[in-house]
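Breakdown of the fold
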Amino acid sequence: MAYSSYKNLIGGEWLPAKSGKTFLNLNPADHSDIVGEFPASGPEDVALAVAAAQKTFGPWRLFPAPKRAEILYRTGQLLQERKEQYARDMTREMGKVLAETRGDVQEAIDEAFFVAGEGRRLFGKTTPSELQNKFAMSMRMPVGVVGLITPWNFPMAIPSWKLFPALVSGNTCIIKPAEDTPLSTYNLVQTLMDAGLPPGVVNIVVGFGPDAGAPLVEHSGVRAISFTGSSEIGSLVAQRAAATFKPVSLEMGGKNAQIVLDDANLDLALDGALWGAFGTTGQRCTATSRILLQKGIAAEFTAKFVARVQKLTVGNGLQDGIEVGPQVNEQQIETSKKYVEIALTEGARLLTGGHPLTEGPYSKGTFFAPTVFAGVAPSMRIAREEVFGPVVSLIEFETFGQAIEIANSIDYGLSTALYTKDVNRAFTAIRDLEAGITYINAPTIGAEVHLPFGGVKHTGNGHREGSEAIDFFTTWKAVYIDYSDKLQRAQIDNAE
Ligand code: UN1
């Protein structure tokens, strides 16, 4: 079957990997459908991209921020026009259903319009000096060449969360998209260029982590790394970046809890749990993977939930009526299988699913049956470790205090949800849940681009994307202007 061949984008030119190596990007719903051939890049390609980004940094940082922002605004407009085509490309390479890939493109559109406004802000501060006739202020400066390493689960949204704030701040970029979903990054960067982005300001290097990601992290010409992916790889990124003192923004795993109290609107909690656990086939870092049920509603919730899970339609996300797409690749299927085994060994009760789907329409792809475990104890690995698949655990508790304790008892801290009508408990949970995001009466997924995004504990290293991303992509300069025409010595000549 004919398919397109893509190259790296370096200094505005399309170049093959120096080694000549390539790999195929397959549709996870149908492996006979080849999305494209992409370069399997290595350190020599990364070095070329860094040189290109260094060259364009000079002019780009001097191009006025409001003008940089106008390119982003235009990008948002073009993405609106191209939304359907890009959503289809994304479902083909990543698997999630069309409604969700449209949402992914929409998130990039939202990000474009939000960040475009930042071009006329990028505020610093003015402050009084301790000395007379002296002016003091702080300014945001670009960091330089930045390396962006992005995951496959939000193939356009997450690249936009990193590229747009990096660009408006005056940085030049090298993006290494996940090898499962490079086409969506091409579509995004092509749109930036069509909107007027000068060549070499964004460079794309496609390849695998050890060959293309690691050299980007280690390159002394790269001034900062923004990474989204697993905690395991994030830790390696941080360790390797430390050798050249690079700031690193890490956005990693989750084991997100939805708590349902006895007084909750049960139908609403069921809708939320279904969407939170099985939207994106459970492959979101914000996915609901633990549902904490208060004793009074546990039996009813469990019965209704399992009935609804069994009705979910799994299949090719390009087809109408499909609610749950495939997992992205064979490795993710293996992880889901592994955790089913672990849960069974630990004594959890499998209520539905628990196996790959391989027959008939499923035979060409990587599908896994939506899976629910009950009788899960908070200490079990299935309750503590990230699966990143359509597998959810039901955990029962008696008191509200216990629910908070269980929710907090893990290493991750990204998203949390509480279903209740009790305003006092809602505010207590907002205060006490250890997570970067807390929802009341809404699922754990669905963050909006203009709020801080990120988490605590093993989920992140203190940075936030969304509203606060500019903080990572700029560095502060303090400026003092003395108009007294004499030497004034700070801390010494202060008027008493
Ligand atoms: C992710 O899974 O890495 O809040 C990001 C959400 C989406 C973003 C998820 N807006 O679920």
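Residues numbered from 1 in each chain as written. Predicted model: local features only at pLDDT ≥ 70, side-chain atom pairs only at ≥ 80, totals over all residues. Heavy atoms only, no water.

Regarding the sheet that holds strand E25 (residues 474-482)
- Pairing in this open sheet of 3 strands is antiparallel, and the strands run E5-E6-E25 from one edge to the other. With partners counted over all chains shown, the strands left at the sheet margins are strand E5 (125-128) and E25, one partner each. Averaged over all pairs of adjacent strands, the angle between strand axes in this sheet comes to 25°, irrespective of strand direction.
- Note that E5 and strand E6 (residues 134-142) share 4 bridges and pair antiparallel. Looking across to E6, one finds that Pro 128 is bridged to Phe 135. (Pairing = 2+ DSSP bridges. Helix = DSSP H or I, 4+ residues; strand = E, 2+ residues; numbered from the N terminus. Axes fitted to C-alpha atoms, helices over the stretch in contact; angles between N-to-C directions.)

Digging into the nonpolar core
- Membership of the largest hydrophobic core comes to 49 residues, with the highest contact counts inside it found for Leu 163, Leu 167 and Val 202.
- At 9 residues, the largest contribution of residues to this core is made by helix H2 (residues 65-94).
- Aside from chain neighbours lying at most four places away, what touches Leu 163 is Leu 148, Cys 173, Ile 175, Leu 188, Val 189, Leu 192 and Val 202.
- Judged by nonpolar contacts, the second largest core, of 46 residues, contains Val 309, Leu 312, Phe 367 and Val 372. (Core = buried A, V, L, I, M, F, W, Y, C linked by side-chain atoms within 4.5 Å. Buried < 20%, exposed > 50% of the residue type's maximum accessible area, 1.4 Å probe, protein only. Contact = heavy atoms within 4.5 Å.)

Thoughts on the site of the ligand
- Taken together, 13 residues sit near the ligand, with Arg 284, Cys 285, Thr 286, Gly 446 and Ala 447 positioned nearest.
- At 3.1 Å, a side-chain N or O of Glu 107 approaches a nitrogen atom of the ligand.
- Interatomic distance of 2.8 Å between a backbone N/O atom of Cys 285 and an oxygen atom of the ligand.
- If the ligand stood free it would expose 320 Å²; the protein chains cover 99% of that surface. (Near = heavy atom within 4 Å. Polar contact = N/O pair within 3.5 Å; in protein donor to acceptor, adjacent residues only side chain to side chain. Areas by Shrake-Rupley, 256 points an atom, 1.4 Å probe, with all protein chains shown as cover.)

Some points on helix H7 (residues 231-242)
- The terminal C-alpha atoms of H7 lie 16 Å apart, and with 12 residues this matches the ideal 16 Å at 1.5 Å per residue to within 8%.
- At its buried positions, H7 is contacted by helix H6 (209-218), strand E10 (224-228), strand E11 (248-251) and strand E19 (412-413). (Expected span 1.5 Å × (residues − 1).)

A closer look at the pairing of strand E20 (residues 415-419)
- Most of E20 sits out of view: 5 of its 5 residues are buried.
- Of the two faces of E20, the one lined by Ser 415, Ala 417 and Tyr 419 and the one lined by Thr 416 and Leu 418 are each fully buried.
- Two elements, strand E12 (residues 256-260) and E20, share 4 bridges in a ladder whose sense is parallel. Within E20, the position partnered with Ile 259 by the bridge is Leu 418.
- Where E20 lies against strand E21 (residues 437-440), 4 bridges are found, and the strand directions are parallel. When the bridges of E21 are listed, Leu 418 appears paired with Ile 440.

Re the side chain of Ser 289
- Within the secondary structure, Ser 289 sits in strand E13 (residues 288-294).
- Apart from the residues lying within four places of it in its own chain, the contact partners of Ser 289 are Lys 255, Asn 256, Val 391, Val 392 and Ser 393.

Details of the domain arrangement of the protein chain
- Here the protein chain is described as being made up of domain 1 (8-252 + 460-478) and domain 2 (256-440).
- Taken over C-alpha atoms, the centre of domain 1 sits 31 Å from the centre of domain 2.
- Of the roughly 2000 Å² buried between domain 1 and domain 2 on both sides combined, carbon and sulfur atoms contribute 59%.
- On the domain 1 side of the contact with domain 2, Ala 29, Glu 100 and Trp 152 bury the most area, a combined 26% of that side's loss.
- Between Glu 100 and Arg 284 there is a salt bridge, with its nearest N and O atoms 3.6 Å apart.
- Taken together, the connections running from domain 1 to domain 2 amount to 6 residue pairs in polar contact (both at pLDDT 80 or more). (Domains from an automatic or database assignment. Buried area = accessible area lost by both parts, 1.4 Å probe. Salt bridge = Lys/Arg side-chain N within 4 Å of Asp/Glu carboxyl O.)

Regarding the sheet that holds strand E17 (residues 371-374)
- Across the sheet, 7 strands lie side by side as E14-E17-E18-E13-E12-E20-E21; this open sheet has mixed pairing. Looking at the sheet topology across the chains shown, the edges are occupied by strand E14 (349-352) and E21. The mean inter-strand angle of the sheet, taken between neighbouring strand axes irrespective of direction, is 20°.
- Note: E14 against E17, 3 bridges, orientation antiparallel.

Structural notes on the environment of Ile 34
- With respect to the helices and strands, the residue Ile 34 is situated in strand E4 (residues 30-39).
- Of the residues examined, Ile 34 reaches a relative accessible area of 15% and is grouped as buried.
- As for Ile 34 and Ala 2, which are separated by 32 residues in sequence, their C-alpha atoms are 8.2 Å apart.

Concerning the packing of helix H11 (residues 400-408) against helix H12 (residues 423-432)
- Packing of H11 against H12 brings their axes to within 11 Å, and their N-to-C directions diverge by 25°. When the axes of H11 and H12 are compared, the pair comes out roughly parallel. As for the relative orientation of H11 and H12, their crossing is right-handed in sense. Across the interface between the two elements, Phe 400, Ile 404 and Asn 408 of H11 pack against Arg 425, Thr 428, Ala 429 and Asp 432 of H12.
- When grouped by side-chain class, the residues that make up the contact of H11 with H12 number 3 nonpolar, 2 polar and 2 charged. (Parallel < 35°, antiparallel > 145°, perpendicular 65-115°, else oblique. Left-handed = near helix turned anticlockwise from the far one by under 90°. Nonpolar A, V, L, I, M, F, W, Y, C, P; charged D, E, K, R; others polar.)

Brief notes about helix H10 (residues 330-346)
- When the terminal C-alpha atoms of H10 are compared, their 24 Å separation across 17 residues agrees well with the 24 Å that a helix rising 1.5 Å per residue should span.
- Within H10, the full set of buried residues consists of Gln 332, Ile 333, Ser 336, Tyr 339, Val 340, Ile 342 and Ala 343.
- As for H10, its buried residues are in contact with strand E15 (356-357), strand E16 (367-368), E17 and strand E18 (391-397).
- Two or three places before Gln 331, at the opening of H10, Asn 329 has a side-chain oxygen 3.2 Å from that residue's backbone nitrogen.
- Backbone geometry just after H10 places Gly 347 at a positive phi near 100°.

Notes on unusual backbone geometry
- In this model, Phe 245 sits at a positive phi of 55°, which is unusual for a non-glycine residue.
- Here Phe 245 is to be found in the loop between H7 and E11.
- The backbone of Phe 388 shows a phi angle near 60°, a positive value even though the residue is not glycine.
- By the element assignment, Phe 388 lies in the loop between E17 and E18.

Some remarks on a nonpolar patch on the surface
- On the surface, Tyr 3, Leu 24 and Leu 26 cluster together into a nonpolar patch covering about 240 Å² of accessible area.
- Relative to the elements of secondary structure, Tyr 3 occurs in the segment before strand E1 (8-10). (Patch = residues over 30% accessible without salt bridge, like charges linked within 9 Å, V, L, I, M, F, W, Y side chains within 5 Å.)

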